[in-house]
Amino acid sequence: SVVRAEGESYRLALRDGDTVDVAEFLMLADVPAGADGHERLSRLLGAERAYAGPLYPEWPYAEWAEGRRREVDSTYARLLGSLAATLMESGRSSEAIRRLEQLAVLEPEREDVHRSLMSAYARAGERALALRQYHACRTVLRRELGIEASAETRATYQRILEDEPLPSDAVVLRI
């Protein structure tokens, strides 16, 4: 077993070549600033494969797990946003949409995610879905935060509604 009991505590005893999925995920998700498009995409997809789901789901309220869980959760959200943007840049909008949909579920109050998803749908030729996403965004913002959509989101909606082309950098998340 890789788990060793030591008194009243336990430790992980890894052998040479063993890895921990969380460490691999965090390492791959940390893409170097100078990485080219291919390396960036490769690392992001590798990090996505290494992500094994929420950390320590069997201990949802354990204080000792809180910091690491928050780190993994925020890294996963950044990963989804970075992966979506990278996929959009390489013309793979349907793959980007899947990541943006996941991110919208994880962080429904993030207006920039909804706006990026609207833009990605529009670029993929899914105008009806783009317009529906705007209304989903408005509903969440009103219900959860008591605010209206920003001028930027309303302008994106108007452009889609009028079937105008969106700027090339329309899928940009603030991560």
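Residues numbered from 1 in each chain as written. Predicted model: local features only at pLDDT ≥ 70, side-chain atom pairs only at ≥ 80, totals over all residues. Heavy atoms only, no water.

The next point concerns the overall build of the protein chain. On a plain count of helices and strands, the protein chain comes out with 7 helices and 2 strands. Listed N to C, the secondary structure of the protein chain is β-β-α-α-α-α-α-α-α in terms of helices and strands. With the principal axes as the frame, the protein chain shows a C-alpha extent of 70 × 40 × 25 Å. Residues counted as buried form 41% of the 175 residues belonging to the protein chain. Taking all contacts inside the protein chain whose residues are at least 6 apart in sequence as the whole, residues at least 24 apart take part in 54%. (Helix = DSSP H or I, 4+ residues; strand = E, 2+ residues; numbered from the N terminus. Buried < 20%, exposed > 50% of the residue type's maximum accessible area, 1.4 Å probe, protein only. Contact = heavy atoms within 4.5 Å.)

Our next topic: the packing of aromatic side chains. Following the criterion strictly, the structure yields 7 aromatic pairs and no others. Centroid distance Y134 to Y157: 3.9 Å. Interplanar angle 20 degrees. Geometry classified as stacked. Taken together, the residues Y134 in helix 6 (residues 127–145) and Y157 in helix 7 (residues 151–161) connect sequence positions 23 residues apart. (Phe/Tyr/Trp six-rings, centres within 6.5 Å; stacked < 30°, edge-to-face > 60°.)

Looking now at the confidence of the model for the protein chain. Averaged over all residues, the pLDDT of the protein chain equals 91, while 94% of them reach at least 70. Put simply, strand 2 (residues 9–12) is where the protein chain has its lowest mean pLDDT, 82, and helix 6 is where it has its highest, 97. (pLDDT = per-residue confidence, 0-100.)

What follows deals with the packing of helix 4 (residues 93–106) against helix 5 (residues 111–123). Contact geometry of helix 4 with helix 5 gives a least axis separation of 9 Å together with a crossing angle of 155 degrees. It follows that helix 4 is roughly antiparallel to helix 5 by the angle criterion. Helix 4 and helix 5 meet at a crossing whose hand is left-handed. Together, S93, I97, L100, E101, L103 and A104 of helix 4 and V113, S116, L117, A120 and Y121 of helix 5 make up the contact between the two elements. Per-class residue counts for the contact of helix 4 with helix 5 are 8 nonpolar, 2 polar and 1 charged. (Axes fitted to C-alpha atoms, helices over the stretch in contact; angles between N-to-C directions. Parallel < 35°, antiparallel > 145°, perpendicular 65-115°, else oblique. Left-handed = near helix turned anticlockwise from the far one by under 90°. Nonpolar A, V, L, I, M, F, W, Y, C, P; charged D, E, K, R; others polar.)

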